[in-house]
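This is what each chain is made of:
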Amino acid sequence: MIALETKNFNLKQISSSGQCFRMRPKEEKGESGYEIIAGDHCLFAQQEADLCKFHCSGEEFEQFWYSYFDLGTDYESYIENIDPLDEYLTNAAHRGHGIRILRQDLWEMIVTFLISQQNNIVRIRHCIDNICKCYGKEMKTADSGETYYAFPEPEPLAAATDEELKTCNLGYRSKYIIRTANSITSGEVNLDGLLSMDYQQARTELLKLYGIGEKVADCICLFALHKLKAFPVDTHIRQAIEKHYPNGFPAERYRGFEGVLQQYIFYYELTDA
DNA sequence: AGCCAGGAAGTCC
DNA sequence: GGACTTCATGGC
């Protein structure tokens, strides 16, 4: 178990920030915390104020979770750059000050945000749970020996038929996932290649995939490739900008980390004080 | 019951 | 290039 003092880190805020869908409140041995499943990893974590307990080995923490939670980055400096006259953004950042832009798996984000389109967050979780149970490897946690399912690899999803995927209740998105999985297994689009591209290159490459448009591509760039200049505009963000920024969001002031602010706004719009 | 959801592809002009 | 329609499913 790793105990750590953290700043600008809040499990509750991250779990409901809409960037990850396999993180949820959980009781373990009578203690409350959060279960986080990412790729084929699973972690139980607890938090009291700034003190966090990560129930994993030091090795797994250093090699995986430290990076996953982006713990090497100072988020307060992003918040300090916010225009103090911008009351809306100041309030949004205040409420979501414990959010981090997670460094998640590329393939997992591609599938996750294909599923996210024209869908609500509660149902997105169900859809992802379904495909993990059907197509992901069964795993056991080192900590407590509990069973969980890894996120499925491209191969089994590429091999699935539309009829089979239908049992996961993905709706019309099934065909997007099958065709995109085939684009990966065939080598038409190379996942490792995407990792070394800049934002514009990666975005263009992602747009080649069937079912991925500008918004989903930006989510993948932000949440998997950690391109903080990506600023995904969905229905909530569009409405918030129309309401609070009639002349457009002042992205030029925040060049290079617009994506962090986008998350504060998204979280602010989806939560109550 | 009916509207909506972290949109994108298809089909017009 | 823009506007308009269709696409499954279920949460609220």
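As a reminder, the structure under discussion sits directly above these lines.
Residues numbered from 1 in each chain as written. Chains lettered and ligands numbered in written order. Predicted model: local features only at pLDDT ≥ 70, side-chain atom pairs only at ≥ 80, totals over all residues. Heavy atoms only, no water.

Draft legend 1. Structural context of the environment of Lys-7. The residue Lys-7 is located in the loop between strand S1 (2–5) and helix H1 (11–15) in this model. Distance in space between the C-alpha atoms of Lys-7 and Lys-215 is 30 Å, their sequence separation being 208 residues. (Helix = DSSP H or I, 4+ residues; strand = E, 2+ residues; numbered from the N terminus.)

Draft legend 2. Fine view of a negative patch on the surface. On the surface, a cluster of negative charge is made up of Asp-40, Asp-105, Glu-153 and Glu-155. As for its placement among the helices and strands, Glu-153 is situated in the loop between strand S7 (147–149) and helix H7 (154–159). (Patch = residues over 30% accessible without salt bridge, like charges linked within 9 Å, V, L, I, M, F, W, Y side chains within 5 Å. Areas by Shrake-Rupley, 256 points an atom, 1.4 Å probe, with all protein chains shown as cover. Salt bridge = Lys/Arg side-chain N within 4 Å of Asp/Glu carboxyl O. Lys, Arg positive; Asp, Glu negative; His and termini not counted. Charge placed at Lys NZ, Arg CZ, Asp CG, Glu CD.)

Draft legend 3. Here's a closer look at the pattern of salt bridges. This structure, assessed with the given rule, holds ten salt bridges. For Lys-26, the salt bridge goes to Glu-146, with nearest N and O atoms at 3.1 Å. You can see Lys-26 sitting in strand S2 (residues 23–28) and its partner Glu-146 sitting in the loop between strand S6 (138–140) and S7, a full 120 residues away along the chain. Across the pair Glu-205 and Lys-208 runs a salt bridge, and its minimum N-O distance is 2.9 Å. Look at Lys-208 and you get exposed, because its relative accessible area is 52%. Each of Arg-24, Lys-26, Glu-28, Glu-35, Asp-129 and Glu-146 takes part in salt bridges that share partners, so that together they form one network. (Buried < 20%, exposed > 50% of the residue type's maximum accessible area, 1.4 Å probe, protein only.)

Draft legend 4. Region of interest: the protein's contact with DNA strand C. Taken together, Gln-118, Asn-120, Val-122, Arg-123, His-126, Lys-166, Asn-169, Gly-171, Tyr-172 and Arg-173 make up all the residues around DNA strand C. When atoms of DNA strand C within 4 Å of the protein are sorted by moiety, sugar and phosphate together comprise 71%. In this structure, a base oxygen belonging to DNA strand C sits 3.2 Å away from a side-chain N or O atom of Arg-123. Here the surface near DNA strand C is built from residues that sort into two nonpolar, five polar and three charged. (Near = heavy atom within 4 Å. Polar contact = N/O pair within 3.5 Å; in protein donor to acceptor, adjacent residues only side chain to side chain. Nonpolar A, V, L, I, M, F, W, Y, C, P; charged D, E, K, R; others polar.)

Draft legend 5. Looking closely at the sheet that holds S1. Pairing is antiparallel across the open sheet formed by five strands, whose spatial order is S1-S5-S4-S3-S2. The sheet is open, and its two edges are formed by S1 and S2, each paired on a single side. Within the sheet, the average angular offset between the axes of one strand and its neighbour, ignoring direction, is 30 degrees. Bridge count between S2 and strand S3 (residues 31–38): six bridges; the pairing is antiparallel. Within S3, the residue paired with Arg-24 across the bridge is Glu-35. Against the sheet, helix H2 (residues 58–68) contacts S1, S3, strand S4 (41–48) and strand S5 (51–54), and its axis sits at roughly 80 degrees relative to S4. (Pairing = 2+ DSSP bridges. Axes fitted to C-alpha atoms, helices over the stretch in contact; angles between N-to-C directions. Contact = heavy atoms within 4.5 Å.)

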